[in-house]
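Descriptive analysis of the structure
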Amino acid sequence: MNNEDSDLLGSSWLIYMLAKSSNTPEGRLLSLFDILNDWLKAPNMLKHCHLSNTNHALLLSYCIAQAQALGAESPETLAEHIVLIARNAAQQNIAHPLSNSLMHAKKAANALILAQTQPPAPTQVKRAVNKPVAYSIAATLALAIGASLIWAPMLKDQQLATHARAETSDTNNSKQAVAATQPLTAQDATQMYAKFELMRQGSCQFPEVLQMPDKHKAIYLENVVAGKLPANLEDLAIANEYLEKIRCNYTPMLMAASK
Amino acid sequence: MTGLREKILTTASNLFQTQGINSTGVDTIVAVAGTTKMTLYKYFGSKEVLILEVLKQGHLDFQNWLNDKLSNNTKQPSEKLQKLFDYIEEWVTSPDFHGVGFIKASAEFPQEDNPVHQLSSQQSQQFKQYIHHLATEANIKDAEGLSLQLSLIFEGAVQAEQMKRGSGAIKYAKTAAKILIDGASTQ
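The present account deals with the structure reproduced in this document. (Residues numbered from 1 in each chain as written. Chains lettered and ligands numbered in written order. Predicted model: local features only at pLDDT ≥ 70, side-chain atom pairs only at ≥ 80, totals over all residues.)

1. With respect to the overall build of chain B
A tally of helices and strands in chain B yields nine helices and zero strands. For chain B, the succession of helices and strands along the chain, N to C, is α-α-α-α-α-α-α-α-α. Residue burial in chain B is summarised as follows: out of 187 residues, 37% are buried. Across chain B, every contact between residues at least 6 apart in sequence was considered, and the portion connecting residues at least 24 apart equals 57%. (Helix = DSSP H or I, 4+ residues; strand = E, 2+ residues; numbered from the N terminus. Buried ≥ 20, exposed ≤ 12 C-beta atoms within 10 Å, placed from the backbone. Contact = placed C-beta atoms within 7 Å.)

2. Overview of the environment of phenylalanine 33 of chain A
All names here are of chain A. Take phenylalanine 33: it is sitting in helix H3 (residues 25–41). With 25 C-beta atoms packed within 10 Å, phenylalanine 33 lands in the buried category. Considered as a pair, phenylalanine 33 and histidine 104 are 71 residues apart in the sequence and their alpha carbons are 9.2 Å apart. The contacts of phenylalanine 33, once residues within four sequence positions are left out, are Ala86, Leu102, Met103, Ala105, Lys106 and Ala109.

3. Digging into the interface of chain A and chain B
Across the boundary between the two partners, chain A contributes 23 residues, which contact 24 residues of chain B. At 10 residues, the largest contribution of residues to the side of chain A that touches chain B is made by helix H7 (residues 101–117) of chain A. Of the residues in the side of chain A that touches chain B, the class split is 10 nonpolar, 11 polar and two charged. (Nonpolar A, V, L, I, M, F, W, Y, C, P; charged D, E, K, R; others polar.)

4. Examining helix H9 (residues 169–185) of chain B
Residues spaced three or four apart along an α-helix face the same direction, because each turn holds 3.6 residues. Here H9 of chain B is 17 residues long and its end C-alpha atoms lie 24 Å apart, about the 24 Å a rise of 1.5 Å per residue gives. Those residues of H9 of chain B not exposed but buried are Ala169, Ile170, Lys171, Tyr172, Ala173, Ala176, Ala177, Ile179, Leu180, Ile181, Gly183 and Ala184 of chain B. (Expected span 1.5 Å × (residues − 1).)

Shown next, in the form of structure tokens:
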């Protein structure tokens, strides 16, 4: 065994394992932690392998390609950070086998992927309104309220029924419109990824696609089956509906594979 | 005489940060500090003891700076955890940043039985415990898990910055830390 082969993170076998680990670039990046975790638990593995502090060019370039494929803002930074975290966590795992450091490192890496791929969380825009403008807005509002107080009793009976119907429909429409444009918050994304992660650990039975409305089919295939993050809150709600219908068996995969 | 000890310590610290620990010889330290080898060994006994003292002082200064920042700029205990990576980013992106002592020392002294490596590991653990303390104050249920995740993100980002200044790793580390903290807060 030559030096390169004996270095856990420098081996070409690791790249082979990563390539076949998942259908998505996110999955392949995150599998690095599962593979290292399994590897370090294997009998006698530590006698034959070590973790060098050198730059792991092969692994790094593979991870850069995955980071590019998932649309990271800065693929090199993401890949480098993930490889460093993996190496540090593996070293901790060797020193403290009970720390579960590689699984925590996987969560950290997942958050780094989100940090580079999800749109920025909606922030409240502070409006810079100067005082004269604020006063004129207040005056206009006061006039409008005054006018409505005078006209309201006259129009009240006539408009009441129509207004009630319109209000209900407006509220529903505006709620949907907001949900359709509002991006997911960090918390939504984290929860969604937690669900995907859980599903990956089980053997799942998915509902039939044919019976779904066309719009739902696309969301179901992309955001539930393929495990991509929904683009907005409306899609998230639909994806969640279908996620709840999926039934999974969580017998550990390794056990199932060993049968 | 204490002034001379401090001067040797500060000079060694600057040289270790900018040139590396192994690349900096005792001759260079005494020449830059304007003293003699005899004086250096009188105060520190050996280069290894000097390295350990530099690491201890550097870690203490960093912890005190971070503590002051968090105590002076937050009102609620839970805010400290949220602000932690803001100040780390501020520090890492400042022109004076030359890396983190214990992270650099750990890489330069990889042998586990080396006292410098052992102190570096100890300081890394202390920093994780500090985050654990902040997480506990913020009522995070899995404070142990979160502190491990955040310390891994921190050390990885610092290493990336040490390798390539301005890599942006710390910016994404801050966003990722917020995602992890928000996720842990809702559990």
